[in-house]
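Examination of the molecular architecture
If you want the building blocks of each chain, they are given just below.
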Amino acid sequence: MSSRRARSRQSTSSSRITDEQINDLVSKLQAVLPEARLHGCLSMQVSAAKVLQETCNYIRSLHREVDDLSERLSELLATTEASSAQAAIIRSLLK
Amino acid sequence: MQATKSFEQAFLKQMLLGIQLSAVSHGSGSLQERKSAIKLSADVAMAVARGSKKWTRGLIASLSKEEHNRSFLQFVLGKEFERPAKICHSSWKIPRSKNIVRRSLRFLSKRKSNIRAPNSSVLAGTLVEKRTQVLKRLVPGGQSMDAFSLLDETLDYATCLRAQVDVMQKLMTTLEASKHRADSDAQRPKEKFHLLAMVGSWYSTRKGLRKRLSKRPKLTL
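1. Focus on the pattern of salt bridges
- In this structure the tally under the stated criterion is 11 salt bridges over all chains.
- Its salt-bridge partner being lysine 35 of chain B, residue glutamate 71 of chain A comes within 3.6 Å of it at the nearest N-O pair. Taken as a pair, glutamate 71 of chain A in helix H4 (residues 48-79) and lysine 35 of chain B in helix H2 (residues 31-50) lie in two separate chains rather than in one.
- Its relative accessible area of 29% is what places glutamate 71 of chain A among the partly exposed residues.
- For lysine 170 of chain B, the salt bridge identified is with glutamate 8 of chain B, shortest N-O distance 3.4 Å.

2. A few points about H2 of chain B
Residue and element names in this part refer to chain B.
- Given a rise of 1.5 Å per residue, 20 residues ought to cover 28 Å, and the 29 Å separating the end C-alpha atoms of H2 matches this to within 8%.
- Buried within H2 are the following residues: Arg34, Lys35, Ala37, Ile38, Leu40, Ser41, Ala42, Asp43, Val44, Ala45, Met46 and Ala47.
- Just beyond H2, the residue with positive phi is glycine 51, at close to 100 degrees.

3. Notes on the confidence of the model for chain B
Residue and element names in this part refer to chain B.
- Taken residue by residue, chain B gives an average pLDDT of 74. The fraction at 70 or more is 62%.
- Note on residues 83-93: pLDDT under 50 across the span, and 24 contacts to partners over four residues away in sequence or across chains.
- Low pLDDT, under 50, characterises residues 112-119; the stretch is placed with 13 contacts to residues that sit more than four places away or in other chains.
- Here the predicted complex scores 0.69 on pTM and 0.73 on ipTM.

4. Examining the environment of threonine 154 of chain B
- The residue threonine 154 of chain B is located in helix H8 (residues 147-184) in this model.
- For threonine 154 of chain B, a relative accessible area of 0% corresponds to the buried category.
- Setting aside chain neighbours within four positions, we find threonine 154 of chain B in contact with Leu29, Thr55 and Ile59 of chain A together with Leu135 and Val139 of chain B.

About the cut-offs
- Residues numbered from 1 in each chain as written.
- Chains lettered and ligands numbered in written order.
- Predicted model: local features only at pLDDT ≥ 70, side-chain atom pairs only at ≥ 80, totals over all residues.
- Heavy atoms only, no water.
- Salt bridge = Lys/Arg side-chain N within 4 Å of Asp/Glu carboxyl O.
- Helix = DSSP H or I, 4+ residues; strand = E, 2+ residues; numbered from the N terminus.
- Buried < 20%, exposed > 50% of the residue type's maximum accessible area, 1.4 Å probe, protein only.
- Expected span 1.5 Å × (residues − 1).
- pLDDT = per-residue confidence, 0-100.
- Contact = heavy atoms within 4.5 Å.

This is the structure in structure tokens:
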């Protein structure tokens, strides 16, 4: 206990600010996760461990989506004719 | 990261450039080759569109470790991507500033790790520690980050990944739609007319795009 107090005495003001910032980051991270939108951001006291776990799962699923989309895009680009591909690309640029 | 729209547009432009580049080099390759080329374009586009963040630097560094990625990276990044042999270790910035960057990063992480010790309230427990380790592996460049910057970078990385997926999906939908139209209009002999007709029908479905008409000269291919 005393050692912890001694450590915190070294950087009291900055450690308090950082604590708030960490909480802020954790709640922001929670807001980004897909399940947060389902719960309507009602739950205030979600454990950091849960948020971290959900974040890991979310990032992994996004990686898988990118992988899948890359595969489908490469198939599409191989079979699409040049002119229609160019038109599609121009259209996307103007979006 | 607030400005998602500008990020999406920058990402799309970079991605299309990358796709065209990879089509030149891998156009006749296997499906696996083409798929990795597209994935590389997407990741580089995401890093370039985001700019300078720890995770973007980490991403470029890990991509440049693969030999077959280097020519693409060199072409896209140009001057900023110096001799590959020196880059593998920390950042992809030019070598002469690498020591300064390394020193400042070490200093920053030392300071932050001192602050981290008393903050046992939010990030306490072995479970958090375990999850943090997993997260460090998932976020590019995460291994060298302290807990605070890891959270910050993760937030940024997750939003960019989401935008990447959304843009790639939109691109795919557009390509599929144009493909169907091309297949059904196969009887039309004049390709140019066909091209303009497609674009014209798209214009007519969008209201208030008069200002975009100035871009039409680009479309006569």
